[in-house]
Number of protein chains: 2
Amino acid sequence: MATRGEQTRARILDAARASVLERGFAATSIDDIQEAAGISRGTFFYHFPSKDDVSREIIERHAEVDREVTDEFLRRAGDLVDDPAQQLVVMVGLYADYFRSLDTQYPGCLFASYTYEAGLFDEATEQTVKDSIAYWRDVVAAKVREAMEAHTPVIEIDPVGVADQIYSVMQGAFILGKVDGSNELIAEQMNLLKEHLKLVFGLRTAAKEVPAAT
Amino acid sequence: MATRGEQTRARILDAARASVLERGFAATSIDDIQEAAGISRGTFFYHFPSKDDVSREIIERHAEVDREVTDEFLRRAGDLVDDPAQQLVVMVGLYADYFRSLDTQYPGCLFASYTYEAGLFDEATEQTVKDSIAYWRDVVAAKVREAMEAHTPVIEIDPVGVADQIYSVMQGAFILGKVDGSNELIAEQMNLLKEHLKLVFGLRTAAKEVPAAT
DNA sequence: ACAATTAAACCGATCAGTCGGTACTGGAGA
DNA sequence: TCTCCAGTACCGACTGATCGGTTTAATTGT
């Protein structure tokens, strides 16, 4: 159970995160955060020495969650199917399901937000973003490598390139999703990517041939 | 020939655009712009009534250039090959070549920047972003539709979905490219996407079979 | 008792935007 | 050719508001 102080701290971080994703970090004032969190100005500074500390903590928390989700999706994919190529496909599908299941508009990714506000953050914060992306890239690329051993790809591919492609589609879809106000768009992009991966690894469901009507 | 005033105006817009792409709009002060453009504070306000007007003009100029590039790439693709599916592939390749040819780090897309700072801009500005993306989607989706008629896709696809996928990969790659400080990454992502498209439309270069050694 | 919270006053820095004035330039009139 | 003038372009000091951050004294919850 979280103490009262911890709850307030969490409320501050939540409010800050939401505002940063909507307006960006620079346009997020402490008064905005304080008001959204339903606390006073004094309380904000009781919990955080500065605004920068909030940005650091937000990104670190996001990095942590991101890593957990990555690990869990990979683990669940591993539980569901044995073939590493299938695991990749399932993983992308899990992302699709996740975005589709949300009942509010997905607000985008903090890493992207910070990237488009580069120069406002200190070295350590930038490094957190880089490390998080690098982690994702590494674990997914490793899985792609496994998949390549199990199924010779139909086209020449670079494992890191494929990992980046998945990441790119996700990040790009977040932007389109925000503009269109649609989580479904994000999910659909993940689904299409899934089909691409199946093609690359020759995982076409051959049994799905439509029986000719007569 | 541009008048002196027009040149100054352009310098202001260039400086503003660069700063917005690096730090975001909110963190771009008029002093930043003024200093980068090599003019005084007074001159800025001589040319622009407010900071918001600059944001509007920047995005409109970007939208215009974006549209021109889209049209030109599609036109050039049409000049190079007849088959609409091949045209799509060539178009993506043209983007790849473009990003590879840059000698400075590609700073990212203003639409993405604005999307992650939504709420700072007025209705008209937001609409410009939406319209620009919609235009891209429409013309590329139309080409995908043509391609589908010429080549039955190997997988079930939605033309708009495919257009969005290309856009997503580009936008996502911009982010990765910024983080990694690499234009090559962006170009590589476009190349991989090119291969995916070839697969989908069955455009594999069958003649490329590696002759068995011995 | 002690941690958490409040409200308000306050600070210096920086912000967007204003204003009064100056330099440059390209004619028009003599 | 010289003078004068209007418009264009530019300048930098100034204003009021807002920013992040501090301080304090008085509560509240456990």
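On a predicted model such as this, the values are computed, not experimentally measured, just so you know.

S.K.: Tell me about the domain arrangement of chain A, and please be specific about residues and values.
M.R.: Residues and elements named next belong to chain A. When its domains are assigned, chain A resolves into domain 1 (1-49) and domain 2 (56-209). Taking only C-alpha atoms into account, the centre of domain 1 sits 29 Å from that of domain 2. Taken residue by residue, the interface counts 11 residues in domain 1 and 13 residues in domain 2. Buried surface at the junction of domain 1 and domain 2, summed over both partners, amounts to about 1000 Å²; 64% is from carbon and sulfur atoms. At the surface where domain 1 touches domain 2, the tally comes to 2 salt bridges. Ionic pairing is found between Asp-14 and Arg-61, a salt bridge with its closest N-O pair at 2.9 Å.

S.K.: Before we move on, can you summarise the protein's contact with DNA strand C with the specific residues and values?
M.R.: Around DNA strand C, a shell composed of 18 residues is seen, among which Thr-8, Thr-43, Tyr-46 and His-47 of chain A together with Arg-41 of chain B lie nearest. What you see for DNA strand C is that sugar and phosphate hold 67% of its atoms within 4 Å of the protein. Between DNA strand C and the protein, one listed contact pairs a phosphate oxygen with a side-chain N or O atom of Thr-43 of chain A at 2.6 Å. Tyr-46 of chain A is positioned with one of its side-chain polar atoms (N or O) 2.7 Å from a phosphate oxygen of DNA strand C. Listing elements by their share of the surface near DNA strand C, those giving two or more residues are α1 (4-23) and α3 (41-47) of chain A together with α2 (30-37) and α3 (41-47) of chain B. A total of 4 residues in the surface near DNA strand C trace back to one element, the largest contributor, which is α3 of chain A.

S.K.: Describe the packing of aromatic side chains, and please don't skip the residues or the numbers.
M.R.: Following the criterion strictly, the structure yields 22 aromatic pairs over all chains and no others. Sitting above the plane of the Tyr-135 of chain B ring, Arg-67 of chain B keeps its charged end 3.8 Å from the centroid.

S.K.: Describe the packing of helix α5 (residues 84-101) of chain A against helix α9 (residues 183-200) of chain A, with residues and values.
M.R.: Residue and element names in this part refer to chain A. Orientation of α5 relative to α9, taken along the N-to-C sense of each, is 170 degrees, at an axis distance of 8 Å. Regarding the angle of α5 to α9, the classification is roughly antiparallel. Along the contact surface, α5 presents Val-89, Val-92, Gly-93, Tyr-95, Ala-96, Phe-99 and Arg-100, while α9 presents Asn-183, Glu-184, Ile-186, Ala-187, Glu-188, Met-190, Asn-191, Leu-193, Lys-194, Leu-197 and Lys-198.

S.K.: Please give an account of the relation of the copies chain A and chain B that cites residues and values.
M.R.: Between chain A and chain B, the superposition needs a rotation of 180 degrees and an axial shift of 0.0 Å, giving an RMSD of 0.1 Å. The transformation just described matches what one would write down for a two-fold rotation axis. Comparing interface residues between copies, 100% of those in chain A also lie at the interface in chain B; the contact surface is shared.

S.K.: Go over a negative patch on the surface, please, and point to the residues and values.
M.R.: On the surface, Glu-60, Glu-64, Glu-68 and Asp-71 of chain A cluster together into a negatively charged patch. Within the secondary structure layout, Asp-71 of chain A lies in helix α4 (residues 51-80).

S.K.: Describe in detail the protein's contact with DNA strand D, supporting the description with residues and values.
M.R.: Contacts to DNA strand D come from 21 residues, most closely from Arg-41 and Lys-51 of chain A together with Thr-8, Gly-42 and Thr-43 of chain B. Counting only the atoms of DNA strand D that lie within 4 Å of the protein, the sugar and phosphate share comes to 64%. Within the contact set of DNA strand D, a base nitrogen lies 2.3 Å away from a side-chain nitrogen or oxygen of Arg-41 of chain A. For the surface near DNA strand D, the secondary structure elements donating two or more residues are α2 (30-37) and α3 of chain A together with α1 (4-23) and α3 of chain B. Broken down by element, the residue count for the surface near DNA strand D peaks at 5 residues, all from α3 of chain B. Broken down by class, the residue content of the surface near DNA strand D amounts to 5 nonpolar, 10 polar and 6 charged.

S.K.: Could you give me a rundown of the interface of chain A and chain B, with the residues and numbers involved?
M.R.: Taken together, the 48 residues of chain A in the interface contact 48 residues of chain B. Among the residues chain A hides against chain B, the three largest losses belong to Tyr-116, Gln-165 and Ile-175 of chain A. Together they make up 19% of the total. Between the two partners, chain A and chain B, sit 2 salt bridges. Among the ionic pairs, Arg-137 of chain B bridges to Asp-180 of chain A, the shortest N-O distance being 3.0 Å. Counting across the chain A and chain B interface gives 12 residue pairs in polar contact (both at pLDDT 80 or more). Elements with a minimum of two residues in the side of chain A that touches chain B: α1, α6 (110-115), α7 (123-150), α8 (159-180) and α9 of chain A. Tallying contributions element by element places α8 of chain A first for the side of chain A that touches chain B, with 16 residues. A breakdown of the residues in the side of chain A that touches chain B according to their chemical character gives 27 nonpolar, 11 polar and 10 charged.

S.K.: Can you break down the pattern of salt bridges residue by residue, with the values?
M.R.: Following the criterion strictly, the structure yields 30 salt bridges over all chains and no others. One salt bridge in this structure joins Arg-137 of chain A and Asp-164 of chain A, with 2.7 Å as the shortest N-O distance. Here Arg-137 of chain A, found in helix α7, pairs with Asp-164 of chain A, found in helix α8; they are 27 residues apart in sequence, far enough to count as distant. Like Asp-164 of chain A, Arg-137 of chain A is buried. Residue Arg-100 of chain B pairs with Glu-188 of chain B through a salt bridge whose shortest N-O separation is 3.9 Å.

S.K.: Outline helix α9 (residues 183-200) of chain B, listing residues and values.
M.R.: Residues and elements named next belong to chain B. Between its first and last C-alpha, α9 extends 26 Å over 18 residues, near the 26 Å set by a 1.5 Å rise per residue. By the criterion of burial, α9 is predominantly enclosed, with 15 of the 18 residues buried. Between the side-chain oxygen at the start of α9 and the backbone nitrogen of Glu-184 there is a gap of 3.2 Å, and the oxygen is on Ser-182. Looking one or two places after α9, you find Gly-202, whose phi comes out positive at around 60 degrees.

S.K.: Before we move on, could you go through the confidence of the model for chain A and cite the residues and values that matter?
M.R.: Scored by pLDDT, chain A has a mean of 94; 95% of the residues are at 70 or more. In this model residues 207-214 of chain A is a low-confidence stretch, pLDDT under 50, and it forms 0 contacts with partners more than four residues away in sequence or in other chains.

Cut-offs applied
Residues numbered from 1 in each chain as written. Chains lettered and ligands numbered in written order. Predicted model: local features only at pLDDT ≥ 70, side-chain atom pairs only at ≥ 80, totals over all residues. Heavy atoms only, no water. Domains from an automatic or database assignment. Contact = heavy atoms within 4.5 Å. Buried area = accessible area lost by both parts, 1.4 Å probe. Salt bridge = Lys/Arg side-chain N within 4 Å of Asp/Glu carboxyl O. Near = heavy atom within 4 Å. Polar contact = N/O pair within 3.5 Å; in protein donor to acceptor, adjacent residues only side chain to side chain. Helix = DSSP H or I, 4+ residues; strand = E, 2+ residues; numbered from the N terminus. Phe/Tyr/Trp six-rings, centres within 6.5 Å; stacked < 30°, edge-to-face > 60°. Lys NZ or Arg CZ within 6 Å of the ring centre and 35° of its normal. Axes fitted to C-alpha atoms, helices over the stretch in contact; angles between N-to-C directions. Parallel < 35°, antiparallel > 145°, perpendicular 65-115°, else oblique. Least-squares fit on C-alpha atoms with pLDDT ≥ 70 in both. Patch = residues over 30% accessible without salt bridge, like charges linked within 9 Å, V, L, I, M, F, W, Y side chains within 5 Å. Areas by Shrake-Rupley, 256 points an atom, 1.4 Å probe, with all protein chains shown as cover. Lys, Arg positive; Asp, Glu negative; His and termini not counted. Charge placed at Lys NZ, Arg CZ, Asp CG, Glu CD. Nonpolar A, V, L, I, M, F, W, Y, C, P; charged D, E, K, R; others polar. Buried < 20%, exposed > 50% of the residue type's maximum accessible area, 1.4 Å probe, protein only. Expected span 1.5 Å × (residues − 1). pLDDT = per-residue confidence, 0-100.

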